Amino acid sequence: MKQVTRSRRAFAEARKVLAGGVNSPVRAFKAVGGTPLFIESARGARITDVDGNSYVDYVGSWGPLIAGHAPAPVVRAVAEAARRGTSYGAPTELETALAREVCRAFPAIERVRLVNSGTEAAMSAVRLARGVTRRDRIVKFDGGYHGHADSMLVRAGSGALTFGVPTSPGVPAALAELTFTLPYNDLRAVRELCERHGGEIAAVIVEPVAGNMGVVPPAPGFLEGLREVTRRHGILLIFDEVITGFRVAYGGAQALYKVRPDLTVLGKIIGGGLPVGAYGGPERIMGQLAPDGPVYQAGTLSGNPLAMSAGLAMLAILRKAGTYAALERKADALARGLLVAANAAGVPVTLNRVGSMMTLFFAERPVTDCASANHSDTQRYARFFRGMLDRWIYLPPAQFEAFFVSTAHTYGEIERTVRAAHQVLAEIAKA
Ligand code: PMP
């Protein structure tokens, strides 16, 4: 039987000095119950907690670890970089090299600005869009997550066309009012809003494959429609590819769906798991950033040499022939296995998957937006999570998150996962 004595103690100690005991809320396991695992180490697809339990990991640091934990070339690159100094606050050629690779992968990006997190990248992209268009309003989608900048912590007010309201105390209502929130995949709502307010809207920001209400693929024509409507109204289209960039394809969701946004937001993947974010687009927009232009944005640690070195090594791994085909095959095997297990147990589920990101929703009907995702039985998910954890499978500790498959997952580990799912789902059916 699994022991989590040390994790329990570690959490109690953490709570004495860290707000809530964690540095990002989802880590506290509130949605699933139980003790958050404190991690000792990880390698490949395995993560080991401080009690010595080893799990097959489908969290993958929330997405960036497409090649699994601690791939040798990334570790080597970081170690070598550290010997040459950890931060200079002055430019390096490493930044140019990483930016060049991002531009090569994303034809929509001519110039990049590197930052330290997805939050910072999305926040800065929105500021740039506002600065360039001289408009203040933005549009996001219900259930979309773009980091925790004030303008993004907003949900729809009552009535489809009312202004947004804060989802967190501390976000000024006056700012939240500038953010419209619409249902994902609802092009008609976007068209109607733009007919009324198009001239006031700086940007539409969207996850081209939603990953933060669980995985929800774009409906056919949704992204193309966004492209057309935004162009017509002089609105900038921002794809937040923090999760999808270099994951659903090397060139991200924009390569997969062949829709070119004005600005692209990238995150942790391009740092190989180190703290990085980036945003980029055509020179005519990016040229408006300081120092060449008037829109201000800066960062002491931006373009940090350790993160750049890790990112370059990571992207080199991903460029190897067969990476995405291998991810697809492994993720497909897992998805099929989970569906067979759910069917065998008679537990109704909906599985959404795009490439190596997927969510098993405990929902009977298709999940196409936040409202349909919310029909999921989150208690069942919590039970599933805990049952899998007891069988040494580490899934995301919340229903509305993605499982991430890496190239490091072996078919043996995937089979083990599916076997565990058969047992847990059978138990759930009986409960
Ligand atoms: N955008 C998306 C689509 C994300 O999934 C996330 C977080 N996973 C962010 C932005 C924020 O990134 P970070 O946590 O690095 O600030």
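Computed from a predicted structure; not experimentally measured.

Focus: the packing of helix α2 (residues 72–83) against helix α10 (residues 305–319)
Then comes step 1: At their nearest, the axes of α2 and α10 sit 8 Å apart, and the two run at 155° to each other. Comparing the axis directions of α2 and α10 gives the class roughly antiparallel. The handedness of the crossing between α2 and α10 is right-handed. The residues of α10 that touch α2, namely those facing P73, V74, A77, V78, A81 and A82, are P305, L306, S309, A310, A313, M314 and I317.

Focus on the environment of S61
Then comes step 1: As for its position among the elements, S61 is in the loop between β3 (54–57) and α2.
Then comes step 2: When the C-alpha atoms of S61 and K268 are compared, they prove to be 9.1 Å apart, with 207 residues separating the residues in sequence.

Re the sheet that holds strand β12 (residues 277–281)
Then comes step 1: The mixed open sheet is built from 7 strands, whose spatial order is β4-β12-β11-β10-β9-β5-β8. Two strands in the sheet have a free side with no partner beyond their single neighbour: β4 (111–115) and β8 (179–182). Each strand of the sheet is rotated relative to its neighbour by a mean of 20°, with strand direction disregarded.
Then comes step 2: Relative to strand β9 (residues 201–206), strand β5 (residues 137–141) runs parallel, the two being bridged by 3 bridges. In the sheet register, R137 faces β9, and the bridge partner there is I201.
Then comes step 3: Contacting β4 and β11 (263–266), helix α3 (residues 93–105) runs over the sheet at an angle of about 125° to β4.

Quick word on the side chain of T350
Then comes step 1: Following the sequence through the fold, T350 ends up in strand β13 (residues 350–354).
Then comes step 2: A relative accessible area of 11% means that T350 is categorised as buried.
Then comes step 3: A polar contact is formed between the side chain of T350 and the backbone oxygen of R365, at a distance of 3.0 Å.
Then comes step 4: Sequence-distant contacts of T350, that is, excluding residues within four places in its chain, are made with T359, L360, F361, A363, E364, R365, P366 and V367.

Things to note about the confidence of the model for the protein
Then comes step 1: When the pLDDT values of the protein are averaged, the result is 97; 99% of them are 70 or greater.
Then comes step 2: Within the protein, the element-level pLDDT minimum falls on strand β7 (residues 165–166), averaging 92, and the maximum on strand β10 (residues 236–240), averaging 99.

Considerations on the environment of A341
Then comes step 1: With respect to the helices and strands, the residue A341 is situated in helix α11 (residues 323–345).
Then comes step 2: Overall, A341 belongs to the buried group, its relative accessible area being 1%.
Then comes step 3: Taking the C-alpha atoms as reference points, A341 and R391, 50 residues apart in sequence, are found 15 Å from one another.
Then comes step 4: If we skip the residues at most four places from it in the chain, A341 touches A421, H422 and L425.

So, the site of the ligand
Then comes step 1: The ligand sits among S117, G118, T119, Y145, H146, G147, E207, N212, D240, V242, I243 and K268.
Then comes step 2: Contact between the ligand and G118: an oxygen atom at 2.9 Å from a main-chain N or O atom of the residue.
Then comes step 3: Interatomic distance of 2.9 Å between a side-chain N/O atom of N212 and an oxygen atom of the ligand.
Then comes step 4: Taken by itself the ligand offers 390 Å² of open surface, and the protein chains cover 83% of this.
Then comes step 5: In terms of residue class, the shell around the ligand is made up of 3 nonpolar, 6 polar and 3 charged.

Details of the pattern of salt bridges
Then comes step 1: Under the defined criterion, the tally for this structure stands at 15 salt bridges.
Then comes step 2: With a shortest N-O distance of 3.1 Å, E101 and R104 are connected by a salt bridge. Of the two residues, E101 and R104 are both situated in helix α3; the distance of 3 residues between them amounts to about one turn of the helix.
Then comes step 3: With relative accessibility at 7%, the residue E101 sits in the buried group.
Then comes step 4: Sharing partners across several salt bridges, the network here consists of R191, E195, E228 and R232.

Description of the pairing of β12
Then comes step 1: Of all 5 residues in β12, 5 are buried, a share of seventy percent or more.
Then comes step 2: Across the two faces of β12 the burial is the same, with G277, Y279 and G281 and A278 and G280 all buried.
Then comes step 3: Two elements, β4 and β12, share 5 bridges in a ladder whose sense is antiparallel. Note that in β12 the partner of L114 across the bridge is A278.

About the thresholds
Residues numbered from 1 in each chain as written. Predicted model: local features only at pLDDT ≥ 70, side-chain atom pairs only at ≥ 80, totals over all residues. Heavy atoms only, no water. Axes fitted to C-alpha atoms, helices over the stretch in contact; angles between N-to-C directions. Helix = DSSP H or I, 4+ residues; strand = E, 2+ residues; numbered from the N terminus. Parallel < 35°, antiparallel > 145°, perpendicular 65-115°, else oblique. Left-handed = near helix turned anticlockwise from the far one by under 90°. Contact = heavy atoms within 4.5 Å. Pairing = 2+ DSSP bridges. Buried < 20%, exposed > 50% of the residue type's maximum accessible area, 1.4 Å probe, protein only. Polar contact = N/O pair within 3.5 Å; in protein donor to acceptor, adjacent residues only side chain to side chain. pLDDT = per-residue confidence, 0-100. Near = heavy atom within 4 Å. Areas by Shrake-Rupley, 256 points an atom, 1.4 Å probe, with all protein chains shown as cover. Nonpolar A, V, L, I, M, F, W, Y, C, P; charged D, E, K, R; others polar. Salt bridge = Lys/Arg side-chain N within 4 Å of Asp/Glu carboxyl O.

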